[in-house]
Amino acid sequence: MLYEKPDALKPPRTDILMMTPWFAPIVWNGTYNIDVLTAQFQQRDLRIGLTVFAIKKYTVFVQTFIETAEKYFMVGHKVTYYVFTDRVSDIPIMELAEGRRLMVLRAPTYQRWQEVSMRRMEILRDYSRQRFTDEVDYLVCVDVDMRFNDEVGVEILSDRFGTLHPGMYGVPRKIYTYERNPQSEAFIPLDEGDFYYAGGYFGGNVEEVYKLTSFCHNAMMADKAKNIEAIWHDESYLNKYFLYHKPTKILSPEYLWDDSFGIPKFLKRRRFVTVPKKHNEIRN
Ligand code: UDP
Ligand code: MN
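What you see is a predicted model; the values in this text were computed from it and never measured.

Caption draft 1: Quick peek at the UniProt feature "active site" (unreviewed entry) in the protein chain. The UniProt record marks Glu235 with the feature "active site" (unreviewed entry), using the residue numbering of this structure. Positionally, Glu235 belongs in helix 5 (residues 234-244). Setting aside anything within four residues of it in sequence, one finds Glu235 in contact with His165, Tyr196, Tyr197, Ala198 and Gly199.

Caption draft 2: Highlighting the UniProt feature "binding site: UDP-N-acetyl-alpha-D-galactosamine" (unreviewed entry) in the protein chain. Per the UniProt annotation, the sites labelled "binding site: UDP-N-acetyl-alpha-D-galactosamine" (unreviewed entry) are Phe53, Ala54, Ile55, Tyr58, Asp143, Val144 and Asp145. The named residues occupy 93 residues along the chain; their greatest pairwise C-alpha distance, 11.3 Å, places them in one compact cluster. Of the annotated set, the members that line the largest cavity are Phe53 and Asp143. With respect to the helices and strands, the residue Ile55 is situated in the loop between strand 2 (47-54) and helix 2 (62-72). Each residue touching Ile55, except ones within four places of it in the same chain, is listed here: Phe84, Thr85, Asp86, Ala107, Pro108, Thr109 and Val116. The residue Asp143 is located in the loop between strand 5 (138-142) and strand 6 (146-148) in this model. According to the relative accessible area criterion, Asp143 is partly exposed, its value standing at 23%. When neighbours within four sequence positions are excluded, Asp143 is seen to be in contact with Val52, Phe65, Arg120, Gly200 and Phe272. Side-chain polar atoms of Asp143 contact the side chain of Arg120, separated by 2.7 Å.

Cut-offs applied
Residues numbered from 1 in each chain as written. Chains lettered and ligands numbered in written order. Predicted model: local features only at pLDDT ≥ 70, side-chain atom pairs only at ≥ 80, totals over all residues. Heavy atoms only, no water. UniProt positions renumbered as here; feature names shortened; annotations may be inferred. Helix = DSSP H or I, 4+ residues; strand = E, 2+ residues; numbered from the N terminus. Contact = heavy atoms within 4.5 Å. 1 Å grid on protein atoms, 1.4 Å probe; cavity = no way out; pocket = protein on both sides within 12 Å on 5 of 7 lines; lining within 4 Å. Buried < 20%, exposed > 50% of the residue type's maximum accessible area, 1.4 Å probe, protein only. Polar contact = N/O pair within 3.5 Å; in protein donor to acceptor, adjacent residues only side chain to side chain.

Here it is as structure tokens:
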């Protein structure tokens, strides 16, 4: 394989942060060579699980999600889609490329959308222990109200990864919408915190996803017993986890963008973008 050698004195980009102080890469377009990465991953013959929840009316998002994933997500790799739903018959039958399969899994429903969102942690924890561990090497856990819009490949994979929230890169620490109630298990004081991570995109190897989801679910249950729910639900607990169990890789907002934020200059690609929704109609 022929490619230009990296130059120790010439960073490929100077307009963004490419590395955290704990030496986790932040994945931006132009900072990696996908051919080199893919060759390395192919030597390991890896299997990737992509999990989404489509509970109640959110089944409407599944078709676009899978169709666009077929076009852009881990093309050429072994992919299992895990779609958790309470409306199994709403999930369309779709033709998938070779090496890819779709598993529709029954999941419980809850009345409040916050509860639906938070309970994802419990279900992912249970499946990580019972099933994912036999079927895949890496898990990518995302929101379903999304569509892939550009390539997402093995550059995202790492033992434990999170994603920069598109509404909160580069803002001062005190602006981060962490949980600020000291009684909550998700509490982060004003003078702590690295990044604000999005609840709708995290992953890693199965063992690490087990530990992460297990922590978040237990913390939510402990809060529930005290009648507390963190400000941004599962996202708040995820941010707490990542503060003390730092991600080994971080995805830039290219991997989770919302077009309502416009298109800033540093954003060379919008790989995975939100599908606009009418919150009141779809959540109730
Ligand atoms: N969700 C669902 N059904 C619901 C509410 C939420 O399936 O009634 C799932 C779905 O996967 C969704 C995720 O929980 O993407 C997070 O909720 P939402 O996308 O509404 O949160 P937002 O991204 O708007 O903060
Ligand atoms: Mn969402």
